[in-house]
Amino acid sequence: HSFSVWENGKKVVYNTTPELYQAFKMLNPEGANMFTKLLSYPAKWLRAGATLGPEFILRNPVRDMISATIYSKHGFIPVVDTLKGLGLYLQKGNTYWEYMRSGAAQANLVSLDRNYLSGQMRDLLQRPSVKKMVTTNPIEILRGLSEATEMATRLAEFHNVRKGYTGIGNRLFSKKRNPGSIQEAALESRDVTLDFSRIGSHTKSLNKTIAFFNAAIQGTDKMFREWKANPLDMTVKTAMWITLPSVLLWELNKDDPRYQELPQWQKDIFWIIPTKDTLIKIPKPFELGILFGTVPERMLQWDYDKKRKQKGAGFKGLAGSVLDSMAPSFLPTALVPAIEAMTNHSIFMGRDIVPQSQQNTIPELQYGPYTSAVGRKIGETFGVSPRKIDNTIHGYGGSLAELGLTLTDGVAGLDETRPAKRWTEQPGIRGFTATPYSNSESVQEVYDAYDRQLKLFNAGRELHRRMDGFDPREFEQMKNAVKAFQNINQAKKAVMKSDLSSDAKRKRLDEIQMSQVRIARRALGKESIK
């Protein structure tokens, strides 16, 4: 490949390798029609907001660590190597600069940002032996943190190849080494999780308007490539690092109502570790975690519910979870929040944005205890739902936008009047914790069941016949439960408007929420909570 530059008024042509050519090509903005450019901005905002938020910065290395343990051919050790890679990044010694000069860093998701990539290239070409100056730009600080946590896994694998480890057995029990070249180390480090610069021309076009289109493609492609090349090794590693912990944790959680009441989407994409006061969430790898972790969990739960003759989620939504983990969305990022607002349905969470208890109230009053000050103000000004405003802001800005809303809530003084938050619900920490019963799955199941039975009831009355699937007994149970929910929601509103302290409001709302969960479980025929 060749490229040209102007030197002292003369055009000079250079020949280079395809990899380096691609890296330089990424520095140049590409042409696009006006419509594509407009659609590309929300995708850029979401990519930045998702990758620069504290939850991503802290969770991403955990997810990468597990993926690398399965995909690595050079004995990657979880936690140990992640910390080692982070140390190599902070030291910025010979290994770091070898890694940077090799082009391996362009596999990072954060490095696909052209402005950031340009800064990296200047560092390499101008003063590669000197550490970057400390910046006070908060976005650059977040980019640096995101880069550090993402690069830690790759740097560790780069170091493992250069050290000559040929597998976990060789690394732990043998002194025989086969050091790899810088080029070999670069290729292995790029491919130890996902190489985000691996992209085709058609995918590149779609990735402009769909935030994580290429990431979804590469994740599935990587899984199938590895399984085809190393079926036995992949089977053993996946069973050990995905299926086994999933089964053990399900066994630990199966009779814990705190776990059972978590929204299903959380149980699908996280491992849940119960503690006395909270539930710890560990992110599963996307494709491997759903296929070989979530699917076995759902099978075990379905069988357990069947034996106890209790209603449960079963396999509802599982096909969608598998599809979402393995195939990209073809819906432009710009349209997703707008469609969700119009349909009042969160695509990611699979539930209503505005709960049924508030759908009959005027839009500007459709908010909860933790709806943002910005959402409430916009809702009050324009007569729209504050819950939908918050959802739209999150849909375009990710967890970074959520952090911004948290900061503006503090400035607006909302934290002083609304129910107090636990320390586990603070930014960053909340990415690893779940508040028990706050978004009860049983409450949502009651609303869904009532909505389904009500539609069948109305259709039967219209057609003068009993509709298939209509159950009069279930209809009455769900209707009575929903009526009780209406009274409970009135009690919640009264607490929120009261002069109680923030701590007292939180305690009272928790008590009311628990009563709602108990009613829901009773209506569904589930075991009661003590």
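Worth saying up front: this structure is predicted, and the values here are computed from it rather than measured.

### Comments concerning the nonpolar core
Item 1. Of all hydrophobic cores here, the largest spans 20 residues; its most connected members are Ile 70, Tyr 71 and Leu 288.
Item 2. Breaking this core down by element, the ones donating at least two residues are α3 (54-71), α12 (231-253), α15 (286-308) and α16 (318-326).
Item 3. Apart from residues no more than four positions distant in its own chain, Tyr 71 is found in contact with Val 192, Lys 222, Met 223, Glu 226, Met 234 and Leu 288.
Item 4. In this structure, Leu 88, Trp 97, Met 100 and Val 161 belong to the second largest nonpolar core, which totals 15 residues.

### Observations concerning the environment of Val 411
Item 1. Note that Val 411 resides in helix α19 (residues 386-412).
Item 2. According to the relative accessible area criterion, Val 411 is exposed, its value standing at 76%.

### Description of helix α11 (residues 213-229)
Helical geometry: 3.6 residues make up each α-helical turn, so side chains three or four residues apart lie on a common side.
Item 1. Along its 17 residues, α11 runs 25 Å from first to last C-alpha, staying within 8% of the 24 Å computed at 1.5 Å per residue.
Item 2. Next to the buried residues of α11 lie α3, α9 (182-191), α10 (201-209), α12, α15 and α16.

### Let's talk about the packing of helix α20 (residues 441-463) against helix α21 (residues 472-497)
Item 1. Following both chains from N to C, one finds α20 and α21 inclined at 125°, their axes separated by 9 Å at the closest point. The orientation of α20 with respect to α21, classified from their angle, is oblique. The handedness of the crossing between α20 and α21 comes out as left-handed. Where α20 abuts α21, its residues Val 443, Val 446, Tyr 447, Ala 449, Tyr 450, Arg 452, Gln 453, Leu 454 and Phe 457 lie against Glu 474, Phe 475, Met 478, Lys 479, Ala 481, Val 482, Phe 485 and Asn 489.
Item 2. For the contact of α20 with α21, the residue count by class is 12 nonpolar, 2 polar and 3 charged.

### Quick word on the confidence of the model for the protein chain
Item 1. For the protein chain, the average pLDDT comes to 88, and 91% of its residues sit at 70 or higher.
Item 2. Every residue in residues 127-133 scores below 50 in pLDDT, and together they form 11 contacts with partners more than four places removed in sequence or on other chains.

### Focus: the side chain of Thr 333
Item 1. By secondary structure assignment, the location of Thr 333 is in the loop between α16 and α17 (336-343).
Item 2. Here Thr 333 falls in the buried class, since its relative accessible area comes to 7%.
Item 3. For Thr 333, the contacting residues outside a window of four places in its chain are Pro 42, Ala 43, Leu 46, Thr 209, Ile 210, Ala 211 and Tyr 396.

### Re the pattern of salt bridges
Item 1. This structure, assessed with the given rule, holds 34 salt bridges.
Item 2. The shortest N-O distance in the salt bridge between Asp 81 and Lys 84 comes to 3.4 Å. Note that Asp 81 and Lys 84 are positioned in helix α4 (residues 80-91) at a spacing of 3 residues, about one turn of the helix.
Item 3. Taking relative accessible area as the criterion, Asp 81 reaches 0% and is therefore assigned buried.
Item 4. With a relative accessible area of 22%, Lys 84 lands in the partly exposed category.
Item 5. Among the ionic pairs, Arg 430 bridges to Glu 402, the shortest N-O distance being 3.8 Å.

### Some remarks on the environment of Asp 303
Item 1. As for its position among the elements, Asp 303 is in helix α15.
Item 2. For Asp 303 and Gly 314, which are 11 residues apart along the polypeptide, the C-alpha to C-alpha distance reads 8.6 Å.

### A word on the pairing of strand β3 (residues 270-274)
Item 1. Sheet topology note: the β3/strand β4 (residues 279-283) ladder contains 5 bridges and is antiparallel. Counted as the bridge partner of Ile 272 is Lys 281 from β4.

### Overview of the packing of aromatic side chains
One pair of aromatic rings is described through two measures. These are the centre distance and the angle between the planes.
Item 1. Overall, the coordinates contain 14 aromatic pairs when judged by the stated rule.
Item 2. An aromatic cluster is present here, built from Tyr 450, Phe 457, Phe 470 and Phe 475 joined pairwise through their rings.
Item 3. Over the ring of Phe 286 we find Arg 63; its NZ or CZ atom is 4.2 Å from the centre of that ring.

### Things to note about unusual backbone geometry
Item 1. At Asn 344, a residue that is not glycine, the phi angle is positive and equals roughly 55°.
Item 2. As for its position among the elements, Asn 344 is in the loop between α17 and β5 (345-346).

Cut-off values and rules
Residues numbered from 1 in each chain as written. Predicted model: local features only at pLDDT ≥ 70, side-chain atom pairs only at ≥ 80, totals over all residues. Heavy atoms only, no water. Core = buried A, V, L, I, M, F, W, Y, C linked by side-chain atoms within 4.5 Å. Buried < 20%, exposed > 50% of the residue type's maximum accessible area, 1.4 Å probe, protein only. Helix = DSSP H or I, 4+ residues; strand = E, 2+ residues; numbered from the N terminus. Contact = heavy atoms within 4.5 Å. Expected span 1.5 Å × (residues − 1). Axes fitted to C-alpha atoms, helices over the stretch in contact; angles between N-to-C directions. Parallel < 35°, antiparallel > 145°, perpendicular 65-115°, else oblique. Left-handed = near helix turned anticlockwise from the far one by under 90°. Nonpolar A, V, L, I, M, F, W, Y, C, P; charged D, E, K, R; others polar. pLDDT = per-residue confidence, 0-100. Salt bridge = Lys/Arg side-chain N within 4 Å of Asp/Glu carboxyl O. Pairing = 2+ DSSP bridges. Phe/Tyr/Trp six-rings, centres within 6.5 Å; stacked < 30°, edge-to-face > 60°. Lys NZ or Arg CZ within 6 Å of the ring centre and 35° of its normal.

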